[in-house]
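# Notes for the structure review
Listed here are the chains, written in short residue letters.
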Amino acid sequence: VIALMIAGPRSVPSIFTGPSRNALLIRSALILAAWISYFTAAKSLHLAELVTIYFSTPIFVILMSVFALKETVGAARWATTLIGFIGVMIAANPSGTTEILPIFLTLIAAFCWAWTNILVRMISRTETTMTLMIASNGLFIVACGIMLPFIWVTPDLFSIGLMIALGGVGGLGQYFLFEGYRLAPASAVAPFEYVTLVWAFAWGYLIWHDWPAEHVFFGAGLILLSGLGLLYVE
């Protein structure tokens, strides 16, 4: 609703008639597939396992940016991305598991999300960020609306407030992410997604008073080193 208010009603027809119509539809479907896979896997995997596997996304983005966007990825970007991924593995400290399906679903989520980031870079050449948001969220409304009668649970006022807050914060984050991929090469933006892990542990401490172990701080240091190193190179 907010995106429609900003972009205006004329933005909707352009989604179906513009040059990026097919790419917008594919990208929206990929986002839906990514989150369904991710949330399904989250029921069976520990947080450390889930986060570690999912943070293969920047690796996928850089690989795809070479073949799909014809971007030149230098040794420095490869190095900083790999340092960040090593940091994620150290911080998450994943334990062994024999559950193949949840791991496969998480990899699917990472792969689909990586493709959406690549498509943002391609679509943004002809479409605005608001058009991207309207298209992707529009498919969510349709898909979730179809399933709603079968899964509806009436929430209390506190839960409604949390969902509204989640929608607002999520929408703002989505806008900044799309703008980032529109303005900069995908392979340069991807490593900064590693910062998500740092925020996850920060909120964990503030909300649930979870104090990370030493290896988490060491891994977070490598992740920050990766981002700062890329900033210096760029």
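Analysis parameters
In every chain, residue numbers begin from 1 and rise along the written sequence. In keeping with the model being predicted, local features are shown solely for residues with a pLDDT of at least 70 and side-chain atom pairs are shown and tallied solely at 80 or more, while totals for entire chains, interfaces and linings include all residues. Side-chain metrics rest on all non-hydrogen atoms present in the structure, leaving aside hydrogens and water. Numbering of helices and strands runs from the N terminus; a helix is a DSSP stretch of H or I covering at least four residues, while a strand is a stretch of E covering at least two. Our radius of gyration looks at C-alpha atoms and nothing else; its globule reference is 2.2 Å times the residue count to the power 0.38. Summary of the burial criterion: residues with accessible area below 20% of their type's maximum are buried, those above 50% are exposed, and those between are partly exposed, where the area comes from a 1.4 Å probe applied to protein chains only. The criterion used for residue contact is that any of the two residues' heavy atoms lie within 4.5 Å. The Shrake-Rupley method, run with a 1.4 Å probe, gives the accessible areas here. Residue values count only the displayed protein chains as cover. Charge convention: Lys and Arg are scored as positive, Asp and Glu as negative, and His as well as the terminal groups of each chain are ignored. Note on charges: their place is set at NZ of Lys, CZ of Arg, CG of Asp or CD of Glu. Here a polar contact means two N or O atoms within 3.5 Å. Within protein one must be a hydrogen donor candidate and the other an acceptor candidate, and residues neighboring in sequence count only if both atoms are side-chain atoms. By convention a nonpolar core is built from buried Ala, Val, Leu, Ile, Met, Phe, Trp, Tyr and Cys residues, the set being connected through side-chain atoms within 4.5 Å. When the centres of two rings from Phe, Tyr and Trp lie within 6.5 Å, Trp using its six-membered ring, the rings pair. Their planes under 30 degrees apart give stacked, over 60 give edge-to-face, and anything left gives tilted.

Turning next to the overall build of the protein chain. A count of helices and strands for the protein chain gives twelve helices and zero strands. Counting from the amino terminus, helix and strand elements in the protein chain follow one another as α-α-α-α-α-α-α-α-α-α-α-α. Here the C-alpha atoms of the protein chain give a radius of gyration of 19 Å, agreeing with the 17 Å that 2.2 N^0.38 yields for 234 residues. Across its three principal axes, the protein chain shows a C-alpha extent of roughly 50 × 50 × 35 Å. A burial count over the protein chain gives 39% of its 234 residues as buried. The long-range share in the protein chain, meaning contacts at least 24 apart out of those at least 6 apart in sequence, stands at 86%. Within the structure as shown, the protein chain displays about 13,700 Å² of accessible surface, and the carbon and sulfur contribution to it stands at 75%. Computing the positive centroid from 9 side-chain charges and the negative centroid from 10, the protein chain places the two 18 Å apart.

Right, let's talk about the side chain of Thr80 for a bit. Of note, Thr80 is situated in helix 6 (residues 75-92). Classification of Thr80 by relative accessible area gives buried; the value is 8%. Polar contacts involving the side chain of Thr80 include one to the main-chain carbonyl oxygen of Arg77, which spans 3.0 Å. Dropping the residues within four chain positions of it, Thr80 is found in contact with Ser226, Gly229 and Leu230.

Moving on, we come to the nonpolar core. Counting 28 residues, the largest nonpolar core has Leu24, Tyr54 and Leu132 as the members making the most contacts within it. Breaking this core down by element, the ones donating at least two residues are helix 3 (21-42), helix 4 (47-54), helix 7 (100-123), helix 8 (129-151) and helix 9 (157-183). Excluding residues that lie within four positions of it along the chain, Leu24 makes contacts with Ile15, Ile123, Glu127, Thr131, Leu132 and Ala135. Among the nonpolar cores identified, the runner-up in size contains nine residues, and Tyr194, Leu197, Val216 and Ile223 belong to it.

With that out of the way, let us pick up the packing of aromatic side chains. Tallied over the entire structure, the rule returns seven aromatic pairs. Plain terms: the ring middles of Trp35 and Tyr38 are 5.6 Å apart, the flat faces sit at 80° to each other, and that makes the pair edge-to-face. Of the two residues, Trp35 and Tyr38 are both situated in helix 3; the distance of three residues between them amounts to about one turn of the helix. For Tyr38, a relative accessible area of 16% translates into the label buried. When the centroid spacing of 6.0 Å and the interplanar angle of 70° are considered together, the rings of Tyr38 and Phe39 count as edge-to-face. A residue is classified by how much of its surface remains accessible, and Phe39, at 52% relative accessible area, is exposed. Following the ring pairs from residue to residue traces out a cluster consisting of Trp35, Tyr38, Phe39, Tyr54 and Trp113.

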